[in-house]
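These are the residues of each chain, in order.
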Amino acid sequence: MSLLKLKRKIDWAAFDGEWYKKQYHSVLSFFELSQDGEIEEFYKTKGRDLKHSPNPFFDESWYLQRYSDVRELVASGEYHSGFDHYVRVGNLSHSPHWLFDEEYYRRLYLDVSPEILRENNIRNGYDHYLNQGSRQLNSPSVFFDPSLFISENPDFKIDIEEGPYIALLRSVPEPAVYQKRMSWYFDPDWYVKTYPDVCEDGVLWQGPLHHYLTNDTPLKYNPNQYFSEDFYLSCYVDIAGAVQNGGFRNGYEHFAKYGQYELRQPEPELSLRVYAENTKVKTEVAKYAKSSFFVYYVMNNGIIDQSGYTEEEIESISKDVYQRMSRLRLPLLLRSKIDFSCEKPEVSVIIVAYNNFAMTMTTLASLRDNYDGRIQVILVDSGSSDEVKHIERYVNGLDIIRTVGNVGFLAGCNAALEKVKADYVLYLNNDLELMPLALETALARFVKEPEAGAVGAKIIRTNGLLQEAGCIIWQRGAASGYLRDQLPDVPEANYVRSVDFCSGAFLLVRTNILKELGGFDADYAPAYFEDTDLCVRINKMGFDVVYDPGVTVIHYEYGTSGSSGSNQLMLINQQRFIEKNSDYIEQRLPRHDGQLLYARSAYPSLKRVLFIEDYLPFRHLGSGFTRSNDIITVLTNCLGCHVTVYPVFRNTGEGDDVYSGFPDRAEIMWNKGIDDLTDFLKSRPGYYDAIWVARTHNAERVAPVLADVAGVMPGCKVILDTEAVAAGREQQKAALRGEQAQHSLDEMLRQEFRSAGVAQKFVAVNERDAATLRRLGMQDVTVLGHLQSPDRSAPGYDARKNLLFVGAVHDKDSPNLDSLIWFVTQVLPLLDGRLPDDVTFDVCGFCGADIDLAALLPHPRVRVLGRVDALAPVYNAHRVFVAPTRFAGGIPYKIHEAAAHGLPIVASDILREQVGWQDGTDMLACDHMNASSFAEAIVKLYTTSDLWGEIQHNALERIARENQPQAYINAIEKIIMM
């Protein structure tokens, strides 16, 4: 960025008489005007009404079209014109011309405060660009690349002191210039061929780009062959909502500004995320400042030139870099004096080192930094000739075993086993680094799963690709690392599984098991297949070998021996392994690509279930997603099913929650969406026993997909979980708004369930909905409500204060938003003088990006808490739960959740009917249209401790009877077992 005090040569706020004469020559001739003064006066009196622009740098027609609010202000007379608005107030936030984007330019070139701009005599980004940025060939927007413009128009006259942008705007429109490409974000040739109607109105448009940026139907046109407006908005409903609300002109505006950098998919055939993960693409894009993967794709028509490096060369380079980094760290590590001294270790780590001093120190430093607990490190110096033989000079607290000559990994580990003092032993190579929390996560697995005998890691090679995500033993004794050469973040590599074996590079084992087995089998000396054999023997003892992706390490593969020698040792020991474990091997699957999905787990699941939801069902999203999360948890943790969670709409955020928000043994397809479902199911033929479709409207979405893949999904049953019948809710909403329903309830129900025939089994959330489904002809219907356990230790009346609302607000049509606005505007004022002034109404829950609750709920008692990761403390702190819902379907999760935490409830009569509880006994219920009765009930419950205690007790009893965890588990088991 160049930020110099401007000596303003070009003033976007000034009227340009000479340009105006050229631009509006025919109009001025009609009025016989030629003098400068009378021309400017004409503009002020008549030209502004004709939507004339005052100078070449401001486009009046485009400005009024782009900013509808300004158009309304001009129409009302508050401003004379769009230009008047821009000069007076709009210049810091609005863009003046279809080729200039103020926000884009400021973010890219002027990321400074308005105060600094003023100090340098700069009014806004446009001021800087016209007087400085243009001649420096800065881009004014994604749609104008000065360098590309010059290359496309070599004969176009440009004043180098002003730059191509100013020259273009000052010139009389030349059709040939405007027909050429001005940016990689827009293809004029493709546009004209695809939309020939643009040419028919050629006199109205300054070329294809001008048409694209100024037409009245921005969702109708695509800018190039690599972006689909329809696909993008259907794929990313959050953006569709923002476009509908006027936040963006169309989906492409969002994509160009933000979506491409979030690696969102621009059209069905272009996965920008996959493209961006290509090593060659990463390298090439990194060379160009301010470029993007999308631009690089467009420039090269999607073709990746891989002639530069082979995969082997790339890995060789990455290994070399890793070695250099180890050597660079070494002086720092030598000065830091790593310390493992301890009395009673929690874990004993066995490392066998033969030379590789720098790598060994890196591994030890990584281990120490990774875990704060007490670690016994037993280091076997296997005849090293480098500084490893003096390693105790640099590391305190090591138990060192020195051998005469290189005895190898196996013998060294077995010798070290005799010195082990802890309950757990970690076999650790001296050529790897532990990623954060690796050891802590591995140890926690034993606490979480008592049947685990060993825990292995997700191992990533120095080139950034997987070495293994757990390992497979095939029927004839071959062994392979699952997902080798894949990216570490693929969903298939990121869920916990019981596997055949995990590599000894990082293998944490219970000490008592190791002692009983005698460590590694000495027949495999010096190395290879000893870890495979050990894991098989652990499996035979009835313990699991668990692959945990939360345990991640970077491994310099073959760091302790050459790969050629390793291959020879592997072949010899593989035959030994087959001879010793034929009984186990015979039960394995034959090696075939079609068997890979089945072979990746050591044991068959009770059932394999594909769970389809609108979005990944994070608990904080509410609105039925919490219930879906409970179902997934029961299927995975309680019933031993393998569950694949598949969203209709791709996950575009919540990255931190993807693996923490669900059972860790569930496979979360965060990178998929409905457009990928056909190919996904075809890639897994016959794999799933059941497909659980959450929400009725998703039946219509998946029906054509299931019809397409029917041939590869034999025996797979489809379960439609209606979650809530929507027709009644829509009628409630219409009545609430004083609207006449266009269709009868039966007609709405038939429309709602028009695709229900895709399913063989149905799930309703309560008996009322179940009766509706049966009346519509659905036979196999099961009721599955909510999972809750009563908290008998919940705080009492005196330990609580304030009112609480919990619920998600996804959009402006949300029932929760309607109820909140009604409650805050109609009920809260009635509490003044009846409840202490310091009693607050706290609103807790997920809120959509385009919803500003604080602005929508302007009352001094309201506190917007937003999303809270741990709800229990919030429930336990409040005295009364308020649920003033005025239209709803299904049953409210929040009622059961609040009651389970011992928080008494005041709710609308609609919600009371849904849960079937008694007014005055289990809760207080009020007419959803009667604000005064709501206020009366809140005051009564809030101030009467005896009533409060009675309601709390009765509601907890309700939860105990109606939401029993075991009954819930049994119901899901019945559904899934068919």
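Scroll up a little and you will see the structure.
Residues numbered from 1 in each chain as written. Predicted model: local features only at pLDDT ≥ 70, side-chain atom pairs only at ≥ 80, totals over all residues. Heavy atoms only, no water.

Novice: Would you take a moment to explain the pattern of salt bridges for this structure?
Specialist: Oppositely charged side chains are able to pair whenever their charged atoms sit close together. Counted according to the given criterion, the structure contains 62 salt bridges. Across the pair Lys 21 and Glu 18 runs a salt bridge whose closest N-O atoms are separated by 3.4 Å. Here Lys 21 and its partner Glu 18 are both found in helix 1 (residues 17-23), three residues apart, which amounts to about one turn of the helix. The network of salt bridges with common partners includes Arg 66, Asp 101, Glu 103, Arg 107, Glu 253 and Lys 257. (Salt bridge = Lys/Arg side-chain N within 4 Å of Asp/Glu carboxyl O. Helix = DSSP H or I, 4+ residues; strand = E, 2+ residues; numbered from the N terminus.)

Novice: Which parts of the structure should I look at to understand the sheet that holds strand 21 (residues 781-783)?
Specialist: Strands pair in a sheet through their backbones, by hydrogen bonds, and they do so in one of two ways: parallel or antiparallel. Read from one edge to the other, the open sheet built from seven strands follows the order 17-16-15-18-19-20-21, with strand pairing classed as parallel. A single partner strand is all that each edge strand has here, and the edge strands are strand 17 (667-668) and strand 21. In this structure, strand 15 (residues 608-613) lies alongside strand 18 (residues 690-694), joined through four bridges in parallel fashion. From the neighbouring strand, Ile 612 faces strand 18, where its bridge partner is Val 693. Strand contacts of helix 33 (residues 697-708): strand 15, strand 18 and strand 19 (717-721), with the helix running at about 150° to strand 18, the strand carrying the most contacts. (Pairing = 2+ DSSP bridges. Contact = heavy atoms within 4.5 Å. Axes fitted to C-alpha atoms, helices over the stretch in contact; angles between N-to-C directions.)

Novice: Quick question: what am I supposed to make of the environment of Phe 680 here?
Specialist: In this structure, Phe 680 sits in helix 32 (residues 677-682). Given the relative accessible area of 5%, Phe 680 is considered buried. Beyond its immediate chain neighbours, meaning those up to four positions away, Phe 680 contacts Leu 610, Thr 644, Tyr 646, Met 669, Lys 672 and Tyr 688. (Buried < 20%, exposed > 50% of the residue type's maximum accessible area, 1.4 Å probe, protein only.)

Novice: How do you make sense of unusual backbone geometry when you look at a structure like this?
Specialist: Excluding glycine, most residues fall at negative phi; most peptide bonds, likewise, are trans. For the bond from Ala 525 to Pro 526, the omega torsion is 5°, close enough to zero to count as cis. For Asn 356, which is not glycine, the phi torsion reads 55° and is therefore positive. Here Asn 356 falls in the partly exposed class, since its relative accessible area comes to 22%. In this structure, Leu 437 takes a positive phi of about 65° despite not being glycine. Tracing the backbone shows Leu 437 in the loop between strand 7 (432-434) and helix 25 (438-448).

Novice: Is there a simple way to explain the packing of helix 42 (residues 931-943) against helix 43 (residues 945-962) in this structure?
Specialist: Packed helix pairs are characterised by how far apart their axes lie and by the angle those axes make with each other. As a packed pair, helix 42 and helix 43 sit with axes 5 Å apart at the nearest point and diverge in direction by 95°. One finds that helix 42 runs roughly perpendicular with respect to helix 43. Between helix 42, through Lys 940, Leu 941 and Thr 943, and helix 43, the contact on the second element is made entirely by Ser 945, Leu 947, Trp 948 and Ile 951. (Parallel < 35°, antiparallel > 145°, perpendicular 65-115°, else oblique.)

Novice: Honestly, helix 3 (residues 36-47) in this entry has me stumped. Any pointers?
Specialist: Given 3.6 residues per turn, any residue in an α-helix points the same way as the ones three and four places further on. Over its twelve residues, helix 3 extends only 14 Å from the first C-alpha to the last, a length that falls short of the 16 Å expected when each residue adds 1.5 Å. Among the residues of helix 3, those classed as buried are Ile 39, Phe 42, Tyr 43 and Gly 47. Buried residues of helix 3 fall within an arc of 100° about the axis and therefore sit on the same side. Turning to helix 3, the residues buried within the fold contact helix 1, helix 2 (25-30) and helix 6 (82-88). (Expected span 1.5 Å × (residues − 1). Arc of directions from axis to C-beta.)

Novice: Sorry if this is basic, but what is going on with the side chain of Ser 908 here?
Specialist: Inspection of the secondary structure puts Ser 908 in strand 26 (residues 905-908). A polar atom in the side chain of Ser 908 sits 2.6 Å from the backbone oxygen of Thr 885. Look past the residues within four positions of Ser 908 in its chain and what remains in contact with it is Ala 883, Pro 884, Thr 885, Ala 925, Cys 926, His 928 and Phe 934. (Polar contact = N/O pair within 3.5 Å; in protein donor to acceptor, adjacent residues only side chain to side chain.)

Novice: Help me understand the environment of Ser 141, please; the structure alone is not making it clear to me.
Specialist: Note on placement: Ser 141 falls in the loop between helix 9 (125-133) and helix 10 (146-152). Here Ser 141 falls in the buried class, since its relative accessible area comes to 5%. In this structure the C-alpha to C-alpha distance between Ser 141 and Ala 771, which are 630 residues apart in sequence, comes to 58 Å. Not counting chain neighbours up to four residues away, the residues in contact with Ser 141 comprise Leu 99, Phe 100, Asp 101 and Tyr 104.

Novice: Mind showing me how you'd approach the sheet that holds strand 24 (residues 862-866) here?
Specialist: Strand order in the open sheet made by the six strands is 24-23-22-25-26-27, with parallel pairing throughout. Two strands in the sheet have a free side with no partner beyond their single neighbour: strand 24 and strand 27 (924-926). Strand-to-strand, the axes of this sheet are offset by a mean angle of 25°, without reference to chain direction. Relative to strand 27, strand 26 runs parallel, the two sharing three bridges. Along strand 27, the bridge assignment pairs Ala 907 with Ala 925. Along the sheet, helix 37 (residues 815-827) makes contact with strand 22 (803-806), strand 23 (841-844), strand 24 and strand 25 (880-883), crossing strand 23 at roughly 170°. With respect to the sheet, helix 42 is in contact with strand 22, strand 25, strand 26 and strand 27, its orientation differing from that of strand 26 by roughly 165°.

Novice: Is there a simple way to explain the state of the cysteines in this structure?
Specialist: A covalent bond between the sulfur atoms of two cysteines is what we call a disulfide. In this structure the tally under the stated criterion is zero disulfides. Cys 502 carries a free sulfur, and the closest cysteine sulfur to it, the one in Cys 471, is 6.1 Å from it. Owing to a relative accessible area of 0%, Cys 502 belongs among the buried residues under this scheme. Free cysteine: Cys 847, not disulfide-bonded; nearest cysteine sulfur from Cys 844 at 12 Å. (Disulfide = S-S within 2.5 Å.)

Novice: Would you mind going over the packing of aromatic side chains with me for this structure?
Specialist: One pass over the structure, following the stated rule, counts 64 aromatic pairs. Measuring from ring centre to ring centre gives 5.0 Å for Trp 12 and Tyr 86, while their planes differ by 65°; the resulting arrangement is edge-to-face. One end of the pair, Trp 12, is in the segment before helix 1; the other, Tyr 86, is in helix 6, with 74 residues separating them in the sequence. Centroid distance Tyr 20 to Tyr 43: 5.8 Å. Interplanar angle 75°. Geometry classified as edge-to-face. On the criterion of sequence distance, the pair formed by Tyr 20 in helix 1 and Tyr 43 in helix 3 is long-range, its members being 23 residues apart. When its relative accessible area of 0% is taken as the criterion, Tyr 20 is described as buried. The residue whose ring lies beneath Arg 608 is Tyr 687, and the NZ or CZ to ring-centre distance is 4.8 Å. Its guanidinium or amino end placed over the ring of Tyr 797, Arg 879 lies 3.9 Å from that ring's centre, counting from NZ or CZ. (Phe/Tyr/Trp six-rings, centres within 6.5 Å; stacked < 30°, edge-to-face > 60°. Lys NZ or Arg CZ within 6 Å of the ring centre and 35° of its normal.)

It is worth stressing that arrangement in space is one thing and function is another; only the former is reported here.
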